[in-house]
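# Observations on the three-dimensional arrangement
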Amino acid sequence: MTTHNKIYFASDFHLGVPDHASSLEREKRVVRWLDEVSKDASDIYLVGDLFDFWFEFKTVVPKGFTRLLGKMAEIADKGINLHVFHGNHDLWMFGYFEQEIGCKVYPNPITIELMGKKFHIAHGDGLGPGQRGFKFILGIYRNYFFQRLFAFFHPNIGLTIANWFSNRSKQQGYTADQVYLGDDKEYLMLYAKEKLQQDSSIDYFILGHRHFPFDKNIGTSHVINLGDWMQYNTYVVYDGKTVELKKYEG
């Protein structure tokens, strides 16, 4: 019998862009990966930006993504702990994933002990110094008043407008997200250094958002960016002894 004793992490699927055909191909690839890792997983952490845009109206959710949502529900029904983080593209989750799929949703970073090691897990958006313009826009996205105001749009109108802006933002920012700024400038590294000053016992930082995979050391701690599934198809697996950044070849 297979023992479910591994923990998996992935992020930044960005389903929905740049077009239906390529998004569907990516979705099927993600589902194949979930099928494989669910054979020995105790927990699966999906660390934000599963979708390039997601907004839950009171009685309506975005069209599509049925393969992923169905697979997530199947995994949760098997008793595997499924964890979903808000990303900056899909932070408008208001209960659907908890109620219909059975996963746990995290709007903010968490620090948690997993099999004897301390992990700090976050999508990575708005963390670290600088980024004033981005943080200003992110503050608007997270504002309850603006969320409720957007909800007054008919879904056909609201989702069309939001998808257009999301796609435009992705086209403009994707190249910049592929450039590592250096250990002394990369804001996720600076964030980790600041966090370690508050809690030096953190063993691993598991982050997303920056779209390129890396595993860097800060003393005895590791800062790992999960990369994305638009180009890299990378994920992290932890078996209680080692934490490994891997590429899915399936």
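Quick note: structure is the one above.
What counts and how
Residues numbered from 1 in each chain as written. Predicted model: local features only at pLDDT ≥ 70, side-chain atom pairs only at ≥ 80, totals over all residues. Heavy atoms only, no water. Phe/Tyr/Trp six-rings, centres within 6.5 Å; stacked < 30°, edge-to-face > 60°. Helix = DSSP H or I, 4+ residues; strand = E, 2+ residues; numbered from the N terminus. Buried < 20%, exposed > 50% of the residue type's maximum accessible area, 1.4 Å probe, protein only. Lys NZ or Arg CZ within 6 Å of the ring centre and 35° of its normal. Core = buried A, V, L, I, M, F, W, Y, C linked by side-chain atoms within 4.5 Å. Contact = heavy atoms within 4.5 Å. Pairing = 2+ DSSP bridges. Axes fitted to C-alpha atoms, helices over the stretch in contact; angles between N-to-C directions.

Here the distance between the centres and the angle between the planes together describe a pair of aromatic rings. A full pass over the atoms with the stated rule returns 24 aromatic pairs. Aromatic side chains F9 and Y45 sit 5.1 Å apart centroid to centroid with 20° between the ring planes, which places their arrangement in the stacked category. Of this pair, F9 sits in strand β1 (residues 6-10) while Y45 sits in strand β2 (residues 41-46), placing them 36 residues apart in sequence. Across the pair, exposure class does not vary: F9 and Y45 are buried alike. A connected cluster of aromatic rings, assembled from ring pairs, spans F9, Y45, F85, Y106, F119, Y204 and Y238. The side chain of R148 reaches across the aromatic face of F94, ending 5.0 Å from its centre.

Apart from glycine, the bulk of residues carry a negative phi angle, and the bulk of peptide bonds sit in the trans form. Between V17 and the following residue, P18, the backbone shows a cis peptide bond with an omega angle of -5°. Its location among the elements puts P18 in the loop between β1 and α1 (20-37). If you check the backbone angles, D12 has positive phi at about 55° while not being a glycine. Here D12 is to be found in the loop between β1 and α1. Given the relative accessible area of 0%, D12 is considered buried. For N233, which is not a glycine, the phi torsion comes out positive at approximately 55°. Relative to the assigned elements, N233 resides in the loop between β9 (221-226) and β10 (234-238). Under the relative-accessibility criterion, N233 is labelled buried at 11%.

Turning our eyes to something else, we now look at the environment of P155. Within the secondary structure, P155 sits in helix α6 (residues 155-177). P155 sits 98 residues away from F57 along the chain, and the two C-alpha atoms are 7.5 Å apart.

Moving on to the nonpolar core. If you look at the biggest cluster of nonpolar residues, it comprises 32 residues, and the most contacted ones within it are F13, W33, I44, F51, L68, M72 and F97. At the level of secondary structure, the elements contributing two or more residues to this core comprise β1, α1, β2, α2 (66-77), β3 (81-85), α3 (96-101) and β10. When residues of this core are assigned to their parent elements, the largest contribution, 5 residues, is made by α2. Those residues in contact with F13, other than ones at most four positions away along the chain, are R26, V30, L46, D49, L50, L68, W229 and M230.

Neighbouring strands of a sheet are bound in pairs by backbone hydrogen bonds; such pairs are parallel or else antiparallel. Sheet architecture is open: 5 strands sit in the order β5-β6-β7-β9-β8, paired in mixed fashion. The sheet is open, and its two edges are formed by β5 (110-114) and β8 (213-218), each paired on a single side. For this sheet, the mean angle separating the axes of adjacent strands, direction not counted, is 20°. Note that β8 and β9 share 6 bridges and pair antiparallel. Paired with P213 across the bridge in β9 is L226. Those strands touched by helix α7 (residues 187-198) are β6 (117-122), β7 (204-207), β8 and β9, and its axis lies near 35° from that of β8.

These results come straight from atomic positions and should not be treated as a statement about function.
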